Amino acid sequence: MKWISFVPLFVLFTSCGKGLGLINSAPKSQDQAGIIASCTSVDQAQSLSDELGIQYRVLSKKHKMIEFYKVDKKELKNRLPKAKLKSNIVFEKTLIESENFKAQNVSNKAFYGAHVPQYADHSTERYFPHLAQIDAHQEIAQGEGVVIAIIDTGVDYNHPHLSPNILENDLDKHGNNADGKDNDNNNYIDDQVGWDFYNGDAYPNDDNGHGTHVAGLAASTYMGIAPKAKILPVKVLSSTGSGDLGTVAAGILYALDRKADIINLSLGGSVGNSFSKELKELISSVKIANTKNSLVIAAAGNGGSDGVGDCNDEEPQYPANIQEDNMIAVASVDAYNQITNYSNYGGETVHVAAPGGANASGALLSTALTECEGPCSSNQIPYTGSMGTSMATPIVAGLAAVIKSHSSHLSNAQIKEIIINSVEIYDELKGLIKSSGIINVSNALNAL
Ligand SMILES: [Ca+2]
Ligand SMILES: [Ca+2]
Ligand SMILES: [Ca+2]
Ligand SMILES: [Ca+2]
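The shown structure was predicted, so the numbers you read here are calculated from the model rather than taken from an experiment.

**Brief notes about the packing of helix 5 (residues 210-219) against helix 8 (residues 389-406)**
Where helix 5 meets helix 8, the axes come as close as 7 Å, and the angle between the chain directions of the two elements is 35°. Crossing angle aside, the handedness with which helix 5 passes helix 8 is right-handed. Where helix 5 approaches helix 8, its residues H210, H213, V214, L217 and A218 are matched on the opposing element by S390, M391, P394, I395 and G398. In terms of residue class, the contact of helix 5 with helix 8 is made up of 6 nonpolar, 4 polar and no charged.

**Regarding the sheet that holds strand 4 (residues 84-87)**
The antiparallel open sheet is built from 4 strands, whose spatial order is 2-3-1-4. Looking at strand neighbours, the two that pair on one side only are strand 2 (55-60) and strand 4, the edges of this open sheet. Averaged over all neighbouring strand pairs, the angle between strand axes comes to 25°, with direction disregarded. Examined bridge by bridge, strand 1 (residues 35-38) and strand 3 (residues 65-69) share 3 bridges and lie antiparallel to one another. Bridged to A37 within strand 3 is I66. In the packing of helix 6 (residues 245-257) onto the sheet, contacts are made with strand 1, strand 2 and strand 3, and the angle to strand 2 comes to roughly 35°.

**What about the coordination of the calcium ion (ligand 4)?**
Around the calcium ion (ligand 4), the protein supplies G303 (O), D306 (OD), D306 (OD), V308 (O), D310 (OD) and D310 (OD) as donor atoms, at distances of 2.3 to 3.2 Å. For the calcium ion (ligand 4), the 6 donor atoms in the first shell make angles of 43 to 168° at the metal, so the coordination geometry reads as irregular. Counting the intervening residues between successive donors of the calcium ion (ligand 4) yields the motif G-x2-D-x1-V-x1-D. On the accessibility criterion, G303 (1% relative accessible area) is buried.

**Some words on helix 9 (residues 412-421)**
Those residues of helix 9 not exposed but buried are N412, I415, K416, I418 and I419. When helix 9 is viewed along its axis, its buried side chains cluster within an angular range of 165° and face the same direction. As for helix 9, its buried residues are in contact with helix 7 (280-291), strand 12 (295-299), strand 13 (327-333), strand 14 (352-355), helix 8 and helix 10 (441-446).

**Looking at the confidence of the model for the protein chain**
Confidence in the prediction of the protein chain, expressed as mean pLDDT, is 84, and 84% of residues score 70 or more. Predicted confidence is poor over residues 1-19, with pLDDT under 50, and the contacts of this stretch with residues over four places away or in other chains come to 42 contacts. Throughout residues 93-122 the model reports pLDDT below 50, and contacts reaching past four residues in sequence, or to other chains, amount to 88 contacts.

**What to know about the coordination of the calcium ion (ligand 1)**
At 2.1 to 2.3 Å from the calcium ion (ligand 1) lie its protein donor atoms, namely D172 (OD), D182 (OD), D184 (OD), N186 (OD1), Y188 (O) and D191 (OD). Between the 6 donor atoms coordinating the calcium ion (ligand 1), the angles at the centre fall across 80 to 172°, so the site counts as octahedral. Written as a sequence motif, the donor arrangement for the calcium ion (ligand 1) is D-x9-D-x1-D-x1-N-x1-Y-x2-D. Taken together, the positions of D172 in the loop between strand 7 (147-152) and strand 8 (195-196) and N186 in the loop between strand 7 and strand 8 put the pair 14 residues apart, joining distant regions of the chain. N186 gets classed as buried once you look at its relative accessible area, which sits at 11%.

**A word on the packing of aromatic side chains**
Tallying each qualifying case throughout the model produces 8 aromatic pairs. Seen from their ring centres, F197 and Y254 are 5.9 Å apart, and the 70° between their planes marks the pair as edge-to-face. Of this pair, F197 sits in the loop between strand 8 and helix 5 while Y254 is found in helix 6, placing the two residues 57 residues apart along the sequence. Residue classification places F197 among the buried residues on the basis of a relative accessible area of 3%. Counting every residue linked through ring pairs, the aromatic cluster contains Y188, W195, F197 and Y254.

**Some points on the nonpolar core**
In terms of nonpolar packing, the biggest core is built from 104 residues, with I263 and I419 touching the most fellow members. When residues of this core are assigned to their parent elements, the largest contribution, 10 residues, is made by helix 8. When residues of this core are assigned to domains, at least three map to each of domain 1 (14-88) and domain 2 (110-446). With sequence-adjacent residues up to four places away left out, I419 is seen in contact with I328, V352, V396, L399, A400, I403 and I439. One finds L22, L80, A83 and L85 within the second-largest nonpolar core, a separate group that totals 16 residues.

Reading guide: rules and limits
- Residues numbered from 1 in each chain as written.
- Chains lettered and ligands numbered in written order.
- Predicted model: local features only at pLDDT ≥ 70, side-chain atom pairs only at ≥ 80, totals over all residues.
- Heavy atoms only, no water.
- Axes fitted to C-alpha atoms, helices over the stretch in contact; angles between N-to-C directions.
- Helix = DSSP H or I, 4+ residues; strand = E, 2+ residues; numbered from the N terminus.
- Left-handed = near helix turned anticlockwise from the far one by under 90°.
- Contact = heavy atoms within 4.5 Å.
- Nonpolar A, V, L, I, M, F, W, Y, C, P; charged D, E, K, R; others polar.
- Pairing = 2+ DSSP bridges.
- Donors = N, O, S within 2.8 Å, 3.2 Å for Na, K, Ca; no water.
- Tetrahedral: all angles 85-135°; square planar, octahedral: opposite > 155°, others 65-115°.
- Buried < 20%, exposed > 50% of the residue type's maximum accessible area, 1.4 Å probe, protein only.
- Arc of directions from axis to C-beta.
- pLDDT = per-residue confidence, 0-100.
- Phe/Tyr/Trp six-rings, centres within 6.5 Å; stacked < 30°, edge-to-face > 60°.
- Core = buried A, V, L, I, M, F, W, Y, C linked by side-chain atoms within 4.5 Å.
- Domains from an automatic or database assignment.

Structure below.
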């Protein structure tokens, strides 16, 4: 399976004959942060835009989520009396926890390919020790039939170890087969492999590397936790890993439309209680996910600006601190089962820990951006090392996919309970992690 990787310059919704005032891309800075109006139709937004000369962006046509820019909130309220209005908070790079902590011991891209020895071989254990740490790769279930949405910086969907697992929307082709029409009627034109909410196009390529690494940890065909799960790439973060709450919420809603079973959020920030009103859009999308039996896995966070882990019970981190019964917040442990220096924690609010890499014991190796001209040769398949709660999160998403593929009748709440109750408990994690333990694939499957 191959995709054309060029990015066409078509504009979303051109077929509607609308254009003035309508923009596609996410806000690039705090200055441009907008106001989200829920319960507002595109027609209402367009007429308001015509009248006032303001810009707007359609976050979700189906859910009537529109973002307006450079507009007075009071004026908007007068014009759209039935709309629910929330200012959209932009995560600056310093707040975002998708930071790609490059480990000291894995300096640059490492190339592995078909010559990499198979699992259980000594070398592979050395390169992918997190698999043995959580007793992964049980042959009885590998994520078959389960969709994991990677809401992130995008995914390199041409990577040879990811492309076989990308969820394809056969009804709405892109690239050479694009017809500029929304053939499956989900309000996104030619969304064959996913959607890029940051740039407003059907090509959720990764211009950072973070999302590609995250996708591989969960579901690479080679050394992913769930090597047969499907990956749905949804780009909501910029090339520097920053983003905003409304775009993340829109990404979640899109993933639900594409029937994602598991939503991976290796991102977040300490937006603080004072912004709780602005969080409502994000919280609402997680609640909707719950009604669709979708499990949301979120990173506990990497300790904020000083990089030293904080207690999420006292300093809430979002989305990880959203208190819904389909949300699992994940901390990071090193290869010695100790919480990593950078990882946030919380005996009340952080449910489980998973391997996330640490300087002392190495970064987690996973898929990296390809630079091959044409298809990559077998010895040119890039993997790289990264560490963070961003890396621990897809390990848990992979486990959720494995459980669901084994027992598809389980509800998201039941899968969450199994993940939490099957951890390996460590005394050192008591009080830091709600379950006091590290996830374990073998235990979880034995509990089914
Ligand atoms: Ca579509
Ligand atoms: Ca189409
Ligand atoms: Ca794109
Ligand atoms: Ca800190």
